[in-house]
Amino acid sequence: MTVNPQLQALFTSLREKPRKRVLFVCLGNICRSPAAEGVLLDVIAHEGAQDRWVVDSAGTGGWHIGELPDRRMRVHARNRGIELTHRTRQVRPSDFDDFDLIIPMDANNLRDLRSLAPSLEAARKIVPMATFIDPSMGYDHVPDPYYEGAEGFELVLDLLQNGCRTLFTQLSDPR
């Protein structure tokens with residue numbers, strides 16, 4: 001993964017932190033971001049690193065606050081051994097203080113988060129999910145599967161499993 005110097009500096013500083021705090025963001029917090037949360041938590045559990053990570057997800061919109069993720073996403077994730085139990089919530093201003101890395105799923109989420117960021121320093125924490133996805137997969141964003149069939153949910157999970165593995169490796173202490 002080729003990373004620009006500013007991102008590399010951010011990743012290096014996070015690698016040195018004893019606990020990494022990551023927030024995934026999509027539009028409604030019912031498909032992509034809770035799936036990313038579940039996938040990263042699964043990677044973390046398999047690596048035995050639960051005490052070194054805080055992972056959450058949120059949406060830029062508030063239409064589904066308090067709901068479980070979309071049933072279809074829960075079913076597809078469960079088929080991969082991942083349980084999605086997150087209750088949806090909307091991004092809040094305190095998230096820019098509470099998290100080290102805020103990861104939007106697409107360009108619209110990126111734009112919305114940048115407009116919500118209270119400072120330039122806070123905006124630097126926003127890193128698109130595509131940054132972590134292998135370019136050979138052919139996607140510069142994580143597409144919204146909401147209006148798609150099963151293939152859309154499977155594609156999202158494939159992209160997230162690839163990207164979350166890279167994210168974990170990129171931010172883990174190489175000891």
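Residues numbered from 1 in each chain as written. Predicted model: local features only at pLDDT ≥ 70, side-chain atom pairs only at ≥ 80, totals over all residues. Heavy atoms only, no water.

Draft legend 1. How the structure looks around the packing of helix α2 (residues 32-47) against helix α7 (residues 150-171). Interaxial distance between α2 and α7 falls to 9 Å at its minimum, and their mutual angle equals 50°. In terms of axis orientation, α2 runs oblique to α7. Crossing geometry of α2 relative to α7 is assigned as right-handed. Only Val156, Leu157, Leu160, Gln161, Cys164, Arg165, Leu167 and Phe168 of α7 make contact with α2, whose side of the interface consists of Arg32, Ala35, Ala36, Val39, Leu40, Val43, Ile44 and Glu47. Looking at the contact of α2 with α7, its residues break down into 12 nonpolar, 1 polar and 3 charged. (Axes fitted to C-alpha atoms, helices over the stretch in contact; angles between N-to-C directions. Helix = DSSP H or I, 4+ residues; strand = E, 2+ residues; numbered from the N terminus. Parallel < 35°, antiparallel > 145°, perpendicular 65-115°, else oblique. Left-handed = near helix turned anticlockwise from the far one by under 90°. Contact = heavy atoms within 4.5 Å. Nonpolar A, V, L, I, M, F, W, Y, C, P; charged D, E, K, R; others polar.)

Draft legend 2. Representation of the sheet that holds strand β1 (residues 20-26) in the model. With parallel pairing, the 3 strands of this open sheet are ordered in space as β2-β1-β3. Because the sheet does not close on itself, it has two edges, and the strands there are β2 (53-59) and β3 (101-104). The sheet shows a mean angle of 20° between the axes of neighbouring strands, taken without regard to direction. As judged from the 4 bridges shared by β1 and β3, these two strands associate in the parallel manner. Its bridge partner lying in β3, Val22 is registered against Leu101. Packing against the sheet, α2 makes contact with β1 and β2, and its axis sits at approximately 170° to β2. Helix-sheet contacts for helix α5 (residues 107-116) involve β1 and β3, and the interaxial angle to β3 is about 140°. (Pairing = 2+ DSSP bridges.)

Draft legend 3. Highlighting the nonpolar core. Grouped together as the largest cluster of nonpolar side chains are 39 residues, with contacts concentrated most on Phe24, Leu40 and Leu101. Counting only elements with at least two residues in this core, the list comes to α1 (5-15), β1, α2, β2, α3 (71-78), β3 and α7. Looking at which element gives the most residues to this core, the answer is α7, with 9 residues. In contact with Leu40, other than residues within four places in its own chain, are Val22, Phe24, Trp53, Val55, Cys164, Leu167 and Phe168. Grouped together as the second largest cluster of nonpolar side chains are 12 residues, Phe99, Ile102, Leu110 and Leu113 included. (Core = buried A, V, L, I, M, F, W, Y, C linked by side-chain atoms within 4.5 Å. Buried < 20%, exposed > 50% of the residue type's maximum accessible area, 1.4 Å probe, protein only.)

Draft legend 4. Quick peek at the pattern of salt bridges. According to the stated counting rule, one finds 14 salt bridges in the structure shown. As a salt-bridge pair, Asp51 and Arg52 come within 3.9 Å of each other at their nearest N and O atoms. Given a relative accessible area of 37%, Arg52 falls into the partly exposed group. Glu154 is paired through a salt bridge with Arg80; the nearest N and O atoms lie 2.5 Å apart. A residue pair is termed long-range when its members are at least 10 positions apart, and Glu154 in helix α7 and Arg80 in the loop between α3 and α4 (95-98) qualify at 74 residues. Relative accessible area serves as the criterion here: at 26%, Glu154 is assigned to the partly exposed category. With relative accessibility at 24%, the residue Arg80 sits in the partly exposed group. Beyond isolated ion pairs, a larger network of salt bridges with shared partners links Asp56, Arg89, Arg92 and Asp95. (Salt bridge = Lys/Arg side-chain N within 4 Å of Asp/Glu carboxyl O.)

Draft legend 5. Highlighting the environment of Pro93. Of note, Pro93 is situated in the loop between α3 and α4. Classification of Pro93 by relative accessible area gives exposed; the value is 68%. Note: C-alpha distance between Pro93 and Leu116 (23 residues apart in sequence) is 7.3 Å.

Shape descriptors only; they carry no functional weight alone.
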